Amino acid sequence: MKTLIACKTIPTLQEYVLTDNPEIEIYRRENEDYWSLIKEREVNHYVHFNAIDFSFELGEIYQRK
C-alpha cells in the first residue's frame, strides 16, 4: 500500500492498477485530491482504462480453473 500512496503524489499519474487473479482494481484520479476505486472480478465484465482509452473483457486475460 505504500507504493500506492507514493504513486498518488505523481501529478501526471491518472490510473494505478492492481491485479490478483481474477480481480482487478483501478485507482483513478478524479481531481487533484480525489481518487476513485473501480473493482471488478466478474470475468464477463468489461474494464476500461481511461488514461489510454482501452477496454477489454476481464476474462480475456484471466481464466478460471
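Look a little higher up for the structure.
A short tour of the structure in this document, coming up.

How each quantity is defined
Residues numbered from 1 in each chain as written. Predicted model: local features only at pLDDT ≥ 70, side-chain atom pairs only at ≥ 80, totals over all residues. Heavy atoms only, no water. Helix = DSSP H or I, 4+ residues; strand = E, 2+ residues; numbered from the N terminus. Core = buried A, V, L, I, M, F, W, Y, C linked by side-chain atoms within 4.5 Å. Buried < 20%, exposed > 50% of the residue type's maximum accessible area, 1.4 Å probe, protein only. Contact = heavy atoms within 4.5 Å. Polar contact = N/O pair within 3.5 Å; in protein donor to acceptor, adjacent residues only side chain to side chain.

1. Thoughts on unusual backbone geometry
Turning to step 1, where the next piece is worked out: Pro22 follows Asn21 through a cis peptide bond whose omega is -10°.
Turning to step 2, where the next piece is worked out: In this structure, Pro22 sits in the loop between β1 (15-20) and β2 (23-31).

2. A word on the nonpolar core
Turning to step 1, where the next piece is worked out: One finds Ile24, Ile26, Val47, Phe49, Phe56 and Leu58 forming the largest nonpolar core, which totals 6 residues.
Turning to step 2, where the next piece is worked out: Setting aside residues up to four positions removed in sequence, Leu58 forms contacts with Pro22, Ile24, Glu40, Arg41, Glu42, Val43, His45 and Val47.
Turning to step 3, where the next piece is worked out: Among the nonpolar cores identified, the runner-up in size contains 5 residues, and Leu4, Cys7, Tyr27 and Trp35 belong to it.

3. With respect to the side chain of Ser36
Turning to step 1, where the next piece is worked out: Relative to the elements of secondary structure, Ser36 occurs in strand β3 (residues 34-40).
Turning to step 2, where the next piece is worked out: Note on Ser36: relative accessible area 13%, which makes it buried.
Turning to step 3, where the next piece is worked out: Here the side chain of Ser36 touches Glu30 through a polar contact of 2.6 Å, side chain to side chain.
Turning to step 4, where the next piece is worked out: Residues within four places of Ser36 in sequence aside, it is in contact with Ile26, Tyr27, Arg28 and Glu30.

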